[in-house]
Amino acid sequence: MKDGFGREITYLRLSITDRCNLRCRYCMPDEGVCKRAHDEMLTEDEMISAVEAAASLGITKLRVTGGEPLVKKNVLSICRRAAAVEGIREVCLTTNATLLPELAKPLREAGVSRVNISVDTLDPEKYAYMTRRGTLADALAGIDAALAAGFERIKLNAVLIGGFNDDEIRPIAELTRTLGVDVRFIELMPMYDGGDFSPSAYIKADTVLEKLPEAVPESEPDGVARLFRLPGAKGRLGLITPVSSHFCARCNRIRLTADGMIKPCLHSPAEICIKGLTRDEMAAKMREAVMSKPERHDELSYSERSGAARNMNRIGG
Ligand code: SAM
Ligand code: SF4
């Protein structure tokens, strides 16, 4: 369906958990999430009802996210059931990949067609530092498993952080040639209490183009990403610029958090609760959420933090 500004809303990001096996410094605090009562979170059946409600409004694309979706015990069942919902044409998943060695193949079989994998550095020590408890070798094994499982498309997402990985732009971008996957650089967003970064950590995604002058623009953007390609690369290079240049005019999505809140806009505190509702009631609330999508979010910068009022692990990215 169209929102109040004529944007066709076709994409739901479904966060199935706010828990994670990592603690990325820009995403969530070291101590993890506050323990929430089981009955405060959406059940699997409620998630599927929500997907059905969304599909009835014209949502065709679903992204399963988190927290880390692969720490959720019933992730395969959720994906399988969601993929079978009439009207849902693709189920994608965003993950840190560390649990993909066991789960890549079953996810593919459950109907997940595409995966986005978050990996911000190819240096084991820097990876351990930024994720606070992860091991790069596990993430790389997960990428290999994803490649072997035959997903239609694999994208690697790297959050661009000045003084941390801006010296790795070329090696990360080269994965579009060596692995043939898409690579996207995402500007660091100043979330609620997501990290104690200095102003110099917030660098423009266009820095990527300064480091890769041979990158050739592709004619069409892919959703919210501006696309480029290195000569001879199979994979494409994407730049996502929520901070330096918002892409609200192309926004086609709503989000559902693991505790049952529809977020019409990532950077707004507005939320609409659908926990405990019937499928039809959920559809009515989603319609309300779509119609209340703001035209654009407020400016983001080091000093102007996101209005989301949640850390990213509690939204889903
Ligand atoms: N755990 C999964 C993962 O890391 O891919 C899925 C959830 S994670 C919240 C989704 C995406 O949000 C990841 O690509 C992550 O890098 C990104 N993200 C989290 N906090 C961010 C921030 N402050 N700025 C930019 N991207 C962020
Ligand atoms: Fe976990 Fe993903 Fe957040 Fe990292 S970005 S802490 S992997 S939810």
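Residues numbered from 1 in each chain as written. Chains lettered and ligands numbered in written order. Predicted model: local features only at pLDDT ≥ 70, side-chain atom pairs only at ≥ 80, totals over all residues. Heavy atoms only, no water.

For the rest of this paragraph, the subject is the site of ligand 2. Around ligand 2 sit Cys20, Leu22, Arg23, Cys24, Cys27, Met28, Gly67 and Asn96, and that is every residue in its neighbourhood. For the shell around ligand 2, the class distribution of residues is 5 nonpolar, 2 polar and 1 charged. (Near = heavy atom within 4 Å. Nonpolar A, V, L, I, M, F, W, Y, C, P; charged D, E, K, R; others polar.)

Moving on: helix H2 (residues 75–83). For an α-helix, the turn length of 3.6 residues means that residues three or four places apart are oriented alike. Taken together, the buried positions of H2 are occupied by Val75, Ile78, Cys79 and Ala82. Each buried residue of H2 sits inside an arc of 95° when the element is viewed along its axis, so together they form one side. On its buried side, H2 packs onto strand S1 (11–15), helix H1 (44–56), strand S2 (61–65), strand S3 (90–95), helix H3 (100–109) and strand S4 (112–118). (Buried < 20%, exposed > 50% of the residue type's maximum accessible area, 1.4 Å probe, protein only. Helix = DSSP H or I, 4+ residues; strand = E, 2+ residues; numbered from the N terminus. Arc of directions from axis to C-beta. Contact = heavy atoms within 4.5 Å.)

Of all hydrophobic cores here, the largest spans 103 residues; its most connected members are Leu107, Phe185 and Leu237. Per-element accounting of this core gives the leading share, 7 residues, to H1. (Core = buried A, V, L, I, M, F, W, Y, C linked by side-chain atoms within 4.5 Å.)

Neighbouring ligand 1 are 19 residues, the closest being Tyr26, Gly67, Glu68, Ser118 and Met189. The contact in question runs from a nitrogen atom of ligand 1 to an N or O atom on the side chain of Glu68, over 3.1 Å. Calculation on ligand 1 without its partners gives an accessible area of 550 Å², and the protein chains cover 95% of this total. Of all the secondary structure elements, the ones that give two or more residues to the shell around ligand 1 are S3 and strand S5 (153–160). Taken together, the residues that form the shell around ligand 1 break down as 7 nonpolar, 10 polar and 2 charged. (Polar contact = N/O pair within 3.5 Å; in protein donor to acceptor, adjacent residues only side chain to side chain. Areas by Shrake-Rupley, 256 points an atom, 1.4 Å probe, with all protein chains shown as cover.)

Oppositely charged side chains may form a pair once their charged atoms are brought near each other. Within this structure, the stated rule accounts for 24 salt bridges. Where Glu46 meets Lys275, a salt bridge forms, and the shortest distance between an N and an O atom there is 2.7 Å. On the criterion of sequence distance, the pair formed by Glu46 in helix H1 and Lys275 in the loop between strand S12 (272–273) and helix H9 (279–291) is long-range, its members being 229 residues apart. Residue classification places Glu46 among the buried residues on the basis of a relative accessible area of 13%. Its salt-bridge partner being Asp206, residue Arg226 comes within 2.6 Å of it at the nearest N-O pair. Separated by 20 residues along the polypeptide, Arg226 in strand S8 (residues 226–229) and Asp206 in the loop between strand S6 (182–187) and helix H8 (207–211) bring together distant segments of the chain. You can call Arg226 partly exposed: its relative accessible area is 31%. Three or more residues joined by partner-sharing salt bridges are found here, namely Asp259, Lys263, Glu271, Arg310 and Arg314. (Salt bridge = Lys/Arg side-chain N within 4 Å of Asp/Glu carboxyl O.)

Another point: the sheet that holds S12. Strand order in the open sheet made by the 12 strands is S7-S8-S9-S6-S5-S4-S3-S2-S1-S10-S11-S12, with mixed pairing throughout. The sheet terminates laterally at strand S7 (216–217) and S12, the two strands that pair on one side only. As judged from the 5 bridges shared by S1 and S2, these two strands associate in the parallel manner. Pairing of Ser15 across the sheet is with Thr65, part of S2. (Pairing = 2+ DSSP bridges.)

Between H2 and H3, whose axes approach to 9 Å, the crossing angle comes to 20°. By the angle between their axes, H2 is roughly parallel relative to H3. Remark: the crossing between H2 and H3 carries right-handed chirality. Across from Val75, Leu76 and Cys79 in H2, the residues of H3 making contact are Leu103, Pro106 and Leu107. When grouped by side-chain class, the residues that make up the contact of H2 with H3 number 6 nonpolar, no polar and no charged. (Axes fitted to C-alpha atoms, helices over the stretch in contact; angles between N-to-C directions. Parallel < 35°, antiparallel > 145°, perpendicular 65-115°, else oblique. Left-handed = near helix turned anticlockwise from the far one by under 90°.)

Remark: H1 packs on H9, axes separated minimally by 8 Å, with the N-to-C direction vectors making an angle of 55°. Between H1 and H9, the angle falls in the class oblique. Crossing of H1 against H9: the hand is right-handed. Contact residues: H1 offers Glu46, Ser49, Ala50, Glu52, Ala53, Ala54 and Ser56, while H9 offers Arg279, Met282, Ala283 and Met286.

So, about the packing of aromatic side chains. Within the structure shown, the criterion is met by 0 aromatic pairs. Above the face of the Tyr11 ring, Lys61 is positioned so that its terminal group lies 4.5 Å from the ring centre. The aromatic ring of Phe164 is capped on one face by Lys126, whose charged end is 5.5 Å from the ring centroid. (Phe/Tyr/Trp six-rings, centres within 6.5 Å; stacked < 30°, edge-to-face > 60°. Lys NZ or Arg CZ within 6 Å of the ring centre and 35° of its normal.)

So, on to the environment of Pro199. Here Pro199 lies in the loop between S6 and H8. Pro199 sits 103 residues away from Tyr302 along the chain, and the two C-alpha atoms are 5.6 Å apart.

Here we take up the pairing of strand S9 (residues 237–240). Burial along S9 is two-sided: Leu237 and Leu239 and Gly238 and Ile240, pointing in opposite directions, are all buried. Bridge analysis of S8 against S9 gives 3 bridges, and the strand direction is antiparallel. Counterpart to Leu227 in the pairing with S9 is Gly238.

Once that is clear, we can look at the environment of Ile88. Along the chain, Ile88 turns up in the loop between H2 and S3. Judged by relative accessible area, Ile88 falls into the buried class, the value being 9%. Along the backbone, Ile88 and Tyr26 are 62 residues apart, and their C-alpha atoms lie at a distance of 32 Å. What Ile88 contacts, discounting residues up to four positions off in sequence, is Val51, Ala55, Ile59, Thr60, Leu62, Ala82 and Ala83.

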